[in-house]
Amino acid sequence: MTETVLLVGGGGREHAIARTLDDGDCDLYACAGNRNPGIARIAQGFEALDTTNTSAVTSYAEEVGATLAVIGPEAPLQAGVADALSDAGVFPFGPSAEGARIETDKAYQRRFMREHDISGCPEFETFEDTEEACEYIDSSTIDLAVKPAGLTGGKGVKVIGDQVNREEAKAYLREEEYDRIVLEERFVGEEFTVQGLVANGSLRVTPAVQDHKRAYEGDEGPNTGGMGSYSAAGLELPFMGEEEYREAVGILDETVAALGEYTGVLYGQFMLTADGVKVIEYNARFGDPEAMNTLPTMNSDFLDVLVAAREGEELPQLSFAPRATVCKYAVPDGYPVDPQGGTLIEVDEESVARAATENGDAALFYASVDDRDEGIYTTTSRAFAVVGIAGTIAEAEAIAENALNEADEGVRIRHDIGTEQLVQSRIDHMGELRGE
Ligand code: AMP
Ligand code: GLY
C-alpha cells in the first residue's frame, strides 16, 4: 500500500522533511499558514490553513486520505493536533499535547527531570509571582537563566551574566509580566543539539549539530529562532569527544524511559560544560535549522521510521552519510526585534545549483516566506536557508557561501557560521573551560 503523508508546517525544517519524504515512496500533502514554495512544489496538494486549528488540519487530513502525519512545529503540537489526528484515525508522528509539555512548559520540564532523576538537570525554582522571582534573583549568589515557562520561539530566555545583569533581568520580568517563570543555574560552555526519533520505547539518534541563536556575527545581539547551524562528518562536533556525545545520548535514553509512551522527535538541547553535559531544554520536534543539517545526510528512509512507529515496532537503525553540513539562514531585515515582513525578495535558485562542486552538494530550503502571484514575500520570521554538504565543515561552509551568492536585498545572514575561525573559537572556549 502506498502511504499518504500529511506534513504540517511551512518552515525550513518542514521543507527538509518534505524533501526527505519525497525521496521515499509516498504521496505527500502539506498544510501551513504560509505558502512555502519549496514544499508546495514537492507536495501533491498544499492547503493554506492555521496549523493550530485542530479541526482544519484533521479535515484536510481526511480529505486527502492521509494514513500518516508529520507535525513539524511546536505550536500545533501544543494545540493538540496530534491528539485530533489520532482521534480521526490518522497516525501522527509527533506527541500529544500532554507529551509535548516536555517542550511547551519549561516548569513542568524541569520538575519532570527532577522527579525522574535525569542527569544534567540544573538547580532551579519555579515562580508564579514576578516579585517573588525578583527577590530570588536578589538573594541568589550565582548567575541565573531567567525563563518564561511557556513557548516564546526561543526568544524569551535572558541569561544573567551574559545578556543582562540582575537589574535588567528584574526589569524584564516586571515589564513582560509572565504568569509562570523558571529561574535556574546558568551553565557555561558550548551548546549542541542531538535529535532523537522515538516510538514504542525505542530511540534512534542523529549526529550532533550546533545552532547559532544570537542574531549577529560573533554571537552578539538578541536570541533568535536560530540563524544557522553546522554538523561534522561524524556523530560529534569538533569541540567535543565521542564520550560526550554518548553522555548526551545517555540523557536522551533516560528521558525516553521516563516519558513512557512518546512518539515523535525528542530534541535535546545540551550544554557541554567543564563538568559534563547538561540539559538546556527539550523540544518535541526537529530543530529548525537543525533538521536541514540532519535530514539531507540521513541514508535511512524516514517513511520506514513513520511506518514502524505506527505499527508498534522498534524503529529501524539509522545510518548517515559521513558528510559535514553548514546551514545559513537569510532572515528579514530587523529580525528578530523589528522584522520587516511583506518585502518582495529574490531567491537565486540557480546560484544554489551552481554552488555544488565535485566534492559537495548545495541545497536550498524555503522557510517562512509566502509565495504570491508577484513573487516571494518575507513574513516576520526566517526566510530561506542554504546548506552546504561536503567532506569537511570548511568545504561545506564555502559551498553555502557560494550558494548565497551575496544575497542581501531585504535579508540578513550570519556569514560567520561554520567558518574555521568560529569553529576554532568553540574548540578554544572548551579548552579554556577545561583548563587546558
Ligand atoms: P531555551 O529557550 O530554553 O532554548 O533557551 C534559549 C537559550 O538561552 C539557550 O539556547 C541558551 O543559550 C540560553 N540558556 C537557556 N538556559 C540556560 C542555562 N541554564 N544556562 C545558560 N544558558 C541558558
Ligand atoms: N534551533 C532551535 C530550535 O529549533 O528550537
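Scroll up for the structure.
None of these values were measured; they are calculated from a predicted model.

Reading the values: the criteria
Residues numbered from 1 in each chain as written. Chains lettered and ligands numbered in written order. Predicted model: local features only at pLDDT ≥ 70, side-chain atom pairs only at ≥ 80, totals over all residues. Heavy atoms only, no water. Near = heavy atom within 4 Å. Polar contact = N/O pair within 3.5 Å; in protein donor to acceptor, adjacent residues only side chain to side chain. Areas by Shrake-Rupley, 256 points an atom, 1.4 Å probe, with all protein chains shown as cover. Nonpolar A, V, L, I, M, F, W, Y, C, P; charged D, E, K, R; others polar. Pairing = 2+ DSSP bridges. Helix = DSSP H or I, 4+ residues; strand = E, 2+ residues; numbered from the N terminus. Axes fitted to C-alpha atoms, helices over the stretch in contact; angles between N-to-C directions. Contact = heavy atoms within 4.5 Å. Patch = residues over 30% accessible without salt bridge, like charges linked within 9 Å, V, L, I, M, F, W, Y side chains within 5 Å. Salt bridge = Lys/Arg side-chain N within 4 Å of Asp/Glu carboxyl O. Lys, Arg positive; Asp, Glu negative; His and termini not counted. Charge placed at Lys NZ, Arg CZ, Asp CG, Glu CD. Expected span 1.5 Å × (residues − 1). Buried < 20%, exposed > 50% of the residue type's maximum accessible area, 1.4 Å probe, protein only.

**Student:** Honestly, the site of ligand 2 in this entry has me stumped. Any pointers?
**Tutor:** The environment of ligand 2 is formed by Asp211, Gly225, Tyr267, Asn283, Arg285, Gly287, Asp288, Pro289 and Glu290. Here an oxygen atom of ligand 2 sits 3.4 Å away from a polar atom, N or O, in the side chain of Asn283. Separating a nitrogen atom of ligand 2 from a side-chain N or O atom of Glu290 is a distance of 2.7 Å. Coverage of ligand 2 by the protein chains reaches 91% of its 200 Å² of free accessible surface. Class assignment of the residues belonging to the shell around ligand 2 gives a composition of 2 nonpolar, 3 polar and 4 charged.

**Student:** Got a minute to help me understand the sheet that holds strand 16 (residues 264-273) in this structure?
**Tutor:** Pairing between the strands of a sheet comes from backbone hydrogen bonds, and it takes one of two forms, parallel or antiparallel. On the basis of which strands lie adjacent, the open sheet formed by 4 strands has the order 11-10-16-17 and antiparallel pairing. Unpaired on one side and paired on the other, strand 11 (202-205) and strand 17 (276-283) mark the two borders of the sheet. With strand direction ignored, the average angle separating the axes of adjacent strands in the sheet is 35 degrees. Here strand 10 (residues 190-199) runs beside strand 16; their pairing, made up of 9 bridges, is antiparallel. Across the sheet, residue Glu191 finds its bridge partner in strand 16, namely Met271. The strands that helix 10 (residues 242-259) touches are strand 10, strand 11, strand 16 and strand 17; relative to strand 16, the one it contacts most, it runs at about 135 degrees.

**Student:** I keep staring at a negative patch on the surface and nothing clicks. Help me out?
**Tutor:** A surface patch of negative charge is lined by Asp333, Glu346, Asp348, Glu350, Glu406, Asp408 and Glu409. Tracing the chain through its elements places Asp348 in the loop between strand 19 (344-345) and helix 13 (349-355).

**Student:** Just to check I follow, could you spell out helix 10 for this structure?
**Tutor:** Working note: α-helix, 3.6 residues per turn, so residues spaced by three or four point in the same direction. The end-to-end C-alpha distance of helix 10 is 26 Å, a good match for the 26 Å that 18 residues give at a rise of 1.5 Å each. Buried residues along helix 10 sit against helix 6 (101-104), helix 7 (106-115), strand 10, strand 11, strand 16 and strand 17. Backbone geometry just downstream of helix 10 places Gly260 in the positive-phi region, at approximately 70 degrees.

**Student:** I would appreciate a short explanation of the site of ligand 1 in the present structure.
**Tutor:** Close to ligand 1 lie 15 residues, the nearest being Glu184, Glu185, Phe187, Glu191 and Glu281. Measuring from an oxygen atom of ligand 1, one finds a side-chain N or O atom of Lys106 at 3.2 Å. In this structure, Phe187 approaches ligand 1 through a main-chain N or O atom, which is 2.8 Å from a nitrogen atom. Of all the elements in the fold, those that place two or more residues in the shell around ligand 1 are strand 7 (144-148), strand 9 (181-185) and strand 17. Across the shell around ligand 1, the residue classes tally to 6 nonpolar, 1 polar and 8 charged.

**Student:** When you look at the pairing of strand 10 in this model, what are you seeing that I'm missing?
**Tutor:** Each regular strand displays side chains that alternate between the two surfaces of the sheet. The element strand 10 is largely enclosed, with a buried count of 9 among its 10 residues. In the sheet, strand 10 pairs with strand 11 via 4 bridges, with the strands oriented antiparallel. In the strand pairing of strand 11, Ala199 is matched with Ser202. Connecting the antiparallel pair strand 10 and strand 11 is a turn made up of 2 residues, with Asn200 showing a positive phi of about 50 degrees.

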